[in-house]
Each structure stands twice: as C-alpha cells, then as structure tokens.
Amino acid sequence: MKSISVFNNKGGVGKTTLTYHLGHALGELGKKTLIIDLDPQCNLTIFALEEMQIYKIWRREDTYVDDFNSARQRDASFDQVLKEPRSIHFILKPTEDGTAEIETLPPPIALTDNVHIIPGRLTLHLFEDKIASRWSDVYQGDPLGVRTVTRPRAIAEQYSQLYDYDIVIFDTSPSLGALNRTIISLVDGFLIPCNPDMFSLYGIRNIGNSLSIWKKQFDTVFHLLSEEKRAQFPDRFVRFPIMRNSDKNAI
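Since the model is a prediction, treat every value here as computed from it, not as a measurement. (Residues numbered from 1 in each chain as written. Predicted model: local features only at pLDDT ≥ 70, side-chain atom pairs only at ≥ 80, totals over all residues. Heavy atoms only, no water.)

Draft legend 1. How the structure looks around the overall build of the protein chain. When helices and strands are counted, the protein chain shows 11 helices and 6 strands. Over its C-alpha atoms the protein chain spans a radius of gyration of 18 Å, differing by no more than 12% from the 18 Å that the globule rule assigns to 251 residues. Summarising its shape, the C-alpha atoms of the protein chain cover approximately 55 × 45 × 35 Å along the three principal directions. Across the 251 residues that make up the protein chain, the buried fraction comes to 50%. Sequence-distant contacts in the protein chain: of pairs separated by 6 or more residues, those separated by 24 or more amount to 77%. Put simply, the protein chain shows about 12400 Å² of open surface, and 51% of that area lies on carbon and sulfur atoms. (Helix = DSSP H or I, 4+ residues; strand = E, 2+ residues; numbered from the N terminus. Rg over C-alpha atoms; globule rule 2.2 N^0.38 Å. Buried < 20%, exposed > 50% of the residue type's maximum accessible area, 1.4 Å probe, protein only. Contact = heavy atoms within 4.5 Å. Areas by Shrake-Rupley, 256 points an atom, 1.4 Å probe, with all protein chains shown as cover.)

What follows is the structure in structure tokens.
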C-alpha cells in the first residue's frame, strides 16, 4: 500500500476536486483505492455522497462521539453499528478517548468497484485537539501519545490489509495545524494543487517552511523512541513524488 495526500495551505485551489477525480482515475487504471476524508470541513464527503446518507451515518454515531466507551457499553446493537459504514472520526474516537480500539473495522463505502471512501465528520477537530495536547508526550515514548499521532496511518494500513488497497489518499484541510502535521508527515508523498498566482506561491512557501520544522521534530522523535515504537512510523519522512520514465508503472 502507498499512501498519499493532497494538500495546500491555500484554499480554493481544487484540492477536494482533485482528490475525488484522482481516486477515480486510479480506480479506472485498475488500482484499488481508498479515499479517507480527514478534512474537518468534510467537503469531499459532501461531494461524494448523498446528504441523507451522510446524515444517517452521523446521526447513528452521535452518542459515540460524545463518549465512545459509555455508548459502546450501553448500545446492545454495537456489533451492528460496526457492520455499517462509519465516519473516520468514529474510527479514531477510541484513540481520542484513550479507550480500547474497536476489534472490527466498519466497511468503507464503495463509490465504484475500485474506489472506496471513509467519510469525514464535522467533529474531527476534537481529534486534532488531542494530537496537539499529546504531541509532547510522543517525545517521552508515551504509548497513547504515539498511538494518537500514528493512528490515521495505522487505520489506512489495516484497511489495506482487509481490502487489498493499492493506494490510500488522505484529503486534508488547508491548515498547517496538528492534524495535517501528522497526516503529511506520515504519508509516502503528497501533491500540492495550486493556481498560478501569488497566494499559491506563498502557500507553497509556507508548506516548505513547515516541512523543515516537522522533519526536525520527527527526526528527534525517531531518535528517542524504541525500535518497537519506531515501527509505527514510516521508514522515511515524506517527500514530493518525483516521477521518472522508469517509474511510470510504480503507482
């Protein structure tokens, strides 16, 4: 499985549209693709799914987003809840709350035979808050801190093992906050859609500056963590995909 993200610090450049069509283009090329909406604004989810379908998913999850462990204990139909598509925040919620992870991953939604999606949720900012508050714990090797930072990538890997995905695409917000720091730093590569204007130029410059800082942070983390905990991170820090003629069949 290869993981990529589509990201720009500048909004309005077609990031969500590119993510959607890139996923479908890869699917048409025979690559089994999973798209995960990790933008708290949920534009990709709104673009890809019917409004009533989104409403039903979110409504069923409301009590779990409030308090996952309590809802799991009270809900006699919890096993059925896991048999239906759920949002990415639902899947991340046990990590956010520091409780046991769910044993069965909910199924993704099939957009085509080769293109599936895990929808977003407007409450995802709560998970981002936990990343920010637990980030310093990662330097100490705290298990919950490491788990929180690496959980989005771990979910992608688990789904890939279950459904044989070739590529996982993370959609992101136009932010340089804690959630995107985690996503961008843990994928194999990312794309930056942009307009030919000054604002996109400065957006790319901001990304470059942030990447330099994030790399120093992750290099420190990698140096301090044990081999076992280090294994939860990718082998190398993210880089821009550079395609050569010999790489044309690599994706």
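Moving on from the coordinates now.
Draft legend 2. Spatial organisation of the packing of helix H6 (residues 88–97) against helix H7 (residues 125–138). One can describe the packing of H6 onto H7 by two numbers: an axis separation of 10 Å at closest approach and a directional angle of 35°. Regarding H6 and H7, the two cross each other, and that crossing is left-handed. Along the contact surface, H6 presents His89, Leu92, Lys93, Thr95, Glu96 and Asp97, while H7 presents Leu126, Phe127, Lys130 and Arg134. (Axes fitted to C-alpha atoms, helices over the stretch in contact; angles between N-to-C directions. Left-handed = near helix turned anticlockwise from the far one by under 90°.)

Draft legend 3. Spatial organisation of the confidence of the model for the protein chain. The predicted model of the protein chain has a mean per-residue pLDDT of 88, with 94% of residues at 70 or higher. Confidence drops under a pLDDT of 50 for residues 241–251, and excluding neighbours within four residues, the segment shows 9 contacts in the predicted structure. (pLDDT = per-residue confidence, 0-100.)

Draft legend 4. The sheet that holds strand S6 (residues 189–191), seen in detail. In spatial order, the strands read S3-S4-S2-S5-S1-S6; together these 6 strands make up an open sheet with mixed pairing. Where the open sheet ends on each side, the last strands, each with one partner, are strand S3 (109–110) and S6. Packing of helix H1 (residues 15–28) onto the sheet brings it into contact with strand S1 (2–6), strand S2 (33–37), strand S4 (115–118), strand S5 (167–171) and S6, and relative to S5 it is tilted by some 170°. (Pairing = 2+ DSSP bridges.)

Draft legend 5. Summary view of the pattern of salt bridges. Using the criterion set out here, one finds 14 salt bridges in the structure. The salt bridge partner of Glu84 is Arg86, with a shortest N-O separation of 3.5 Å. What makes Glu84 partly exposed here is its relative accessible area of 30%. Close ionic contact of Asp219 with Lys215 constitutes a salt bridge, the shortest N to O distance being 2.9 Å. One end of the pair is Asp219 and the other is Lys215, both in helix H10 (residues 198–224) and 4 residues apart, which spans about a single turn. (Salt bridge = Lys/Arg side-chain N within 4 Å of Asp/Glu carboxyl O.)

Draft legend 6. Geometry of the packing of H7 against helix H8 (residues 143–163). The interhelical angle for the contact between H7 and H8, taken along N-to-C directions, is 130°, at an axis separation of 8 Å. Here H8 runs oblique to H7, going by the angle between their axes. Crossing geometry of H7 relative to H8 is assigned as left-handed. Contacts between H7 and H8 involve Phe127, Lys130, Ile131, Arg134, Trp135, Asp137 and Val138 from the former and Leu144, Gly145, Val146, Thr148, Val149 and Pro152 from the latter. The residue inventory of the contact of H7 with H8, partitioned by class, reads 8 nonpolar, 2 polar and 3 charged. (Parallel < 35°, antiparallel > 145°, perpendicular 65-115°, else oblique. Nonpolar A, V, L, I, M, F, W, Y, C, P; charged D, E, K, R; others polar.)

Draft legend 7. Up close: the pairing of S2. A large share of S2 lies buried, amounting to 5 of its 5 residues. The side-chain alternation of S2 yields two buried faces, one formed by Thr33, Ile35 and Asp37 and the other by Leu34 and Ile36. Where S2 and S5 come together, 5 bridges link them in parallel fashion. Looking at S5, one finds that Thr33 is bridged to Ile167.

Draft legend 8. Examining the environment of Thr220 more closely. Relative to the assigned elements, Thr220 resides in helix H10. Considering only alpha carbons, one finds Thr220 and Pro85, 135 residues apart in sequence, at a separation of 37 Å.

Draft legend 9. Spotlight on a nonpolar patch on the surface. A surface patch of nonpolar side chains, amounting to about 440 Å² of accessible area, comprises Met198, Phe199, Leu201 and Tyr202. When you line up the elements, Tyr202 lands in helix H10. Looking at Tyr202, the relative accessible area reads 42%, which means it is partly exposed. (Patch = residues over 30% accessible without salt bridge, like charges linked within 9 Å, V, L, I, M, F, W, Y side chains within 5 Å.)

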